[in-house]
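Listed here are the chains, written in short residue letters.
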Amino acid sequence: MAARQTIILFALLFGALAISQVLAQKCWRNFVGYNKGQTWKEGCKQRCTCEDPNTNRISCMGLCSTWEGIVHTKCFMTPPPVGKCCPEPKCQPNFGLLYPNGFVME
């Protein structure tokens, strides 16, 4: 009887160790596991990246640009288009905006 209990105890401990190793290989946010370097959006609020699964370090940045400094007499903000998250600037035809390389309107 003692040998059977030992085997069951070993199986439980081994299973718990295996589960903890799987959990440690991911960053966890809102009960979802992400791999190192994986990026995801949290609604229209922010974009996050799993930086270090061992410490559950996640970095997040706001999804939408604030467009501070736009000359309000030349440009104005419009609501997000259907399927997008962020308001967009619209400017008079003779006034253009320069976007940074790689910029994507979310």
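Residues numbered from 1 in each chain as written. Predicted model: local features only at pLDDT ≥ 70, side-chain atom pairs only at ≥ 80, totals over all residues. Heavy atoms only, no water.

Asker: Before we move on, can you summarise the pattern of salt bridges with the specific residues and values?
Answerer: Counted according to the given criterion, the structure contains 4 salt bridges. One salt bridge in this structure joins R47 and E106, with 2.4 Å as the shortest N-O distance. Here R47 is found in strand β4 (residues 46-52), whereas its partner E106 is found in the segment after β7 (88-91), with 59 residues between them in sequence. Judged by relative accessible area, which is 31%, R47 ranks as partly exposed. Of the charged contacts in the structure, one is a salt bridge between E88 and K90, with a shortest N-O distance of 3.8 Å. Classification of K90 as partly exposed rests on a relative accessible area of 40%. Among the ionic contacts, a cluster of salt bridges with common partners joins K41, R47 and E106. (Salt bridge = Lys/Arg side-chain N within 4 Å of Asp/Glu carboxyl O. Helix = DSSP H or I, 4+ residues; strand = E, 2+ residues; numbered from the N terminus. Buried < 20%, exposed > 50% of the residue type's maximum accessible area, 1.4 Å probe, protein only.)

Asker: Describe in detail the packing of aromatic side chains, supporting the description with residues and values.
Answerer: By the definition in use, this model includes 1 aromatic pair. Considering the side-chain rings of Y34 and W40, the 3.5 Å spacing of their centres and the 5° angle between planes classify their relative orientation as stacked. Given the relative accessible area of 12%, Y34 is considered buried. Judged by relative accessible area, W40 falls into the buried class, the value being 8%. (Phe/Tyr/Trp six-rings, centres within 6.5 Å; stacked < 30°, edge-to-face > 60°.)

Asker: Any details on the environment of M77? Residues and values, ideally.
Answerer: Along the chain, M77 falls in strand β6 (residues 75-78). Placed 10 residues apart in sequence, M77 and P87 show a C-alpha to C-alpha distance of 6.2 Å.

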